[in-house]
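Single-letter residue listing:
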Amino acid sequence: MNSQKLAPIGYGLLFAALLAAPFLGAYPVFVMKLMCFALFASAFNLLLGYTGLLSFGHAAFLGGAAYVAGHAIKVWGLTPELGLLAGTAGGALLGLLFGWLAIRRQGIYFSMITLALAQMLFFACLQAPFTGGEDGLQGVPRGKLFGLIDLSSDLTMYYVALAVVVLAFLLIVRTIHSPFGQVLKSIKENEPRAISLGYDTHRFKLLAFVISAALAGLAGSLKTLVLGFATLSDVHWTASGQVILMTLVGGLGTLSGPLVGSAVVVLLENKIGEFGHLLASLTGVDWFNTLGESVTMVTGLIFVVCVLAFRRGIMGEIIARLPRRAPRKV
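Summary of the structure given here. Here the structure is a predicted model, which means the values were calculated and not measured. (Residues numbered from 1 in each chain as written. Predicted model: local features only at pLDDT ≥ 70, side-chain atom pairs only at ≥ 80, totals over all residues. Heavy atoms only, no water.)

Comments concerning the environment of Thr254
Item 1. Tracing the sequence through the fold places Thr254 in the loop between helix H10 (237-250) and helix H11 (257-283).
Item 2. Those residues within four positions of Thr254 in sequence are excluded, and the remaining contacts are Asn45, Tyr50, Met315, Gly316 and Ile319.
Item 3. In this structure the side chain of Thr254 is engaged in a polar contact, spanning 3.0 Å, whose partner is the backbone nitrogen of Gly257. (Helix = DSSP H or I, 4+ residues; strand = E, 2+ residues; numbered from the N terminus. Contact = heavy atoms within 4.5 Å. Polar contact = N/O pair within 3.5 Å; in protein donor to acceptor, adjacent residues only side chain to side chain.)

The following block contains the structure:
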């Protein structure tokens, strides 16, 4: 069975597992956080994996939208759905600004411009009064969806978050398989040839940048709604590095790669301490008890191993080893 036939089955099983997760002992808030990062990584993969643009400042859209959504819900009193829309629009607006300034450069110059702009936003968030500075924006209420559905229950919030993430992921899938997505792939593979075919590649890349930023903003807005706060860590450059790590570990240019990569990274960051205590109890080596304090080192080591052993990422290697569809006979 080839990868094209296995993909719907895999996504169906994943969706079923997510539907049943709260009843199987999974902590809903943790799974919601994981889904937000999965959406963030998928949005980034749309830009890097399918358009070939490496942004070092994608945390600006995640964190900037998180602050916008949190402020809109807490201070302006908007309902959750309007807060999510405000955050997504904020991410798209930032993407338009960043893209307009950076898209005319290529390679490392494009990446460094996005990093510089993201750091400017970080310092703006640090100094702005409405963000709460180093304390962050705290106490964001979940409210009632459409004025009817109370989101204070973690279980209700879970299924709303799942619906939002699934719809956003379907939008990404539709974008990639549309004629617009095919143009993006052609730009990544051979931009001069795309230009020779009459495509305005700057316009296509800018639109891809804005879509990616808007979806990253949706992930940040949803994360703020779920957790009830937005902090500087959401807009720090380390969050940009984290999403690059998720995408590369999972598999660049694959739809399932960011989902797997985000799960690996988030689980490592949250469960490495428990794993260390387990190893210490089994082996009697006290050093394993401090493993939770070395999350960055362990994550970096896994990244190095993946780059050396799995050049295509986890899902990229799996897909490459699956049999291809046999060519049609004419």
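Here we look at the layout of surface pockets
Over the atoms, a rolling probe the size of a water molecule traces out where space has been left empty.
Item 1. Of the voids in this model, the second largest pocket is the one considered here, and its volume is about 540 Å³.
Item 2. For the second largest pocket, the lining is made up of 18 residues, of which Thr238, Ala239, Gly241, Gln242 and Glu269 are closest to its centre.
Item 3. When contributions to the lining of the second largest pocket are tallied by element, the ones reaching two or more residues are helix H2 (28-51), H10 and helix H12 (295-309).
Item 4. With 7 residues, H10 is the largest single contributor of residues to the lining of the second largest pocket. (1 Å grid on protein atoms, 1.4 Å probe; cavity = no way out; pocket = protein on both sides within 12 Å on 5 of 7 lines; lining within 4 Å. Points joined across faces, edges and corners; volume = space filled by probe spheres on them.)

Quick notes on the packing of helix H4 (residues 80-102) against helix H5 (residues 107-127)
Item 1. Taken N-terminus to C-terminus, the directions of H4 and H5 make an angle of 140°; their axes are 9 Å apart at the nearest point. In terms of their interaxial angle, H4 and H5 are classed as oblique. The way H4 lies across H5 gives a crossing that is right-handed. Here Leu94, Phe98, Leu101 and Ala102 of H4 come into contact with H5, specifically with Phe110, Ile113, Thr114, Leu117, Ala118 and Leu121.
Item 2. Taken together, the residues of the contact of H4 with H5 sort by class into 9 nonpolar, 1 polar and no charged. (Axes fitted to C-alpha atoms, helices over the stretch in contact; angles between N-to-C directions. Parallel < 35°, antiparallel > 145°, perpendicular 65-115°, else oblique. Left-handed = near helix turned anticlockwise from the far one by under 90°. Nonpolar A, V, L, I, M, F, W, Y, C, P; charged D, E, K, R; others polar.)

Some details on unusual backbone geometry
Item 1. In the Ramachandran plot, Phe146 falls in the positive-phi region, its phi being about 55° despite a non-glycine side chain.
Item 2. In this fold, Phe146 is placed in the loop between strand S1 (144-145) and strand S2 (149-150).
Item 3. By relative accessible area, Phe146 is classed as exposed at 57%. (Buried < 20%, exposed > 50% of the residue type's maximum accessible area, 1.4 Å probe, protein only.)

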